[in-house]
Amino acid sequence: MNLTEIGKTIKERRGVLGVNQRTVSELSGVAVNTLVAIERGEGNPQISTLMGLLDTVGLEIEIKPKVMEYETM
């Protein structure tokens, strides 16, 4: 998953929850402009910023091994 997909997922989750960007911004402590940029897949947010946003909208990141091209040969 890349930053564009993460931003899209946050935006979709906001829609499901019925909350606007300002509300998520206030609850997470992340500036509205930063949230807008993340939802557009722009910028390079700090992991703590991203984690705060995800927590606010009820999402989490799962880290797992990635299948590498050389492993499939």
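Residues numbered from 1 in each chain as written. Predicted model: local features only at pLDDT ≥ 70, side-chain atom pairs only at ≥ 80, totals over all residues. Heavy atoms only, no water.

Novice: Help me understand the nonpolar core in this model?
Specialist: One broad rule of soluble globular proteins: the nonpolar side chains tend to lie buried together. Counting residues in hydrophobic clusters, the biggest one holds 10 residues: Ile6, Ile10, Val24, Val30, Leu35, Ile38, Leu50, Leu53, Leu54 and Val57. Looking at this core, the elements that each hand over two or more residues are α1 (3-17), α3 (32-39) and α4 (47-56). In this view, Leu54 contacts Ile10, Leu59 and Ile61; residues no more than four positions away in its chain are not counted. (Core = buried A, V, L, I, M, F, W, Y, C linked by side-chain atoms within 4.5 Å. Buried < 20%, exposed > 50% of the residue type's maximum accessible area, 1.4 Å probe, protein only. Helix = DSSP H or I, 4+ residues; strand = E, 2+ residues; numbered from the N terminus. Contact = heavy atoms within 4.5 Å.)

Novice: I'm lost on helix α2 (residues 21-28) in this one. Help?
Specialist: At 3.6 residues per turn, the α-helix brings residues three or four places apart onto the same side. Restricting attention to buried positions, one finds in α2 the residues Val24, Ser25 and Ser28. Projection of α2 onto a plane perpendicular to its axis shows the buried side chains occupying an angular sector of 100°, all on one side. In this structure, α2 carries Arg22, Glu26 and Leu27 as exposed residues pointing more than 90 degrees from its buried face. Where α2 is buried, its residues contact α1, α3 and α4. The backbone nitrogen of Arg22 has a side-chain oxygen 3.2 Å away, supplied by the residue at the start of α2, namely Asn20. (Arc of directions from axis to C-beta. Polar contact = N/O pair within 3.5 Å; in protein donor to acceptor, adjacent residues only side chain to side chain.)

Novice: Quick question: what am I supposed to make of the side chain of Arg14 here?
Specialist: You can see Arg14 is positioned in helix α1. When sequence neighbours within four positions are dropped, the list of residues in contact with Arg14 reads Val19, Asn20, Gln21, Val24, Glu39 and Val57.

The quantities given are spatial measurements derived from coordinates; they are silent on function.
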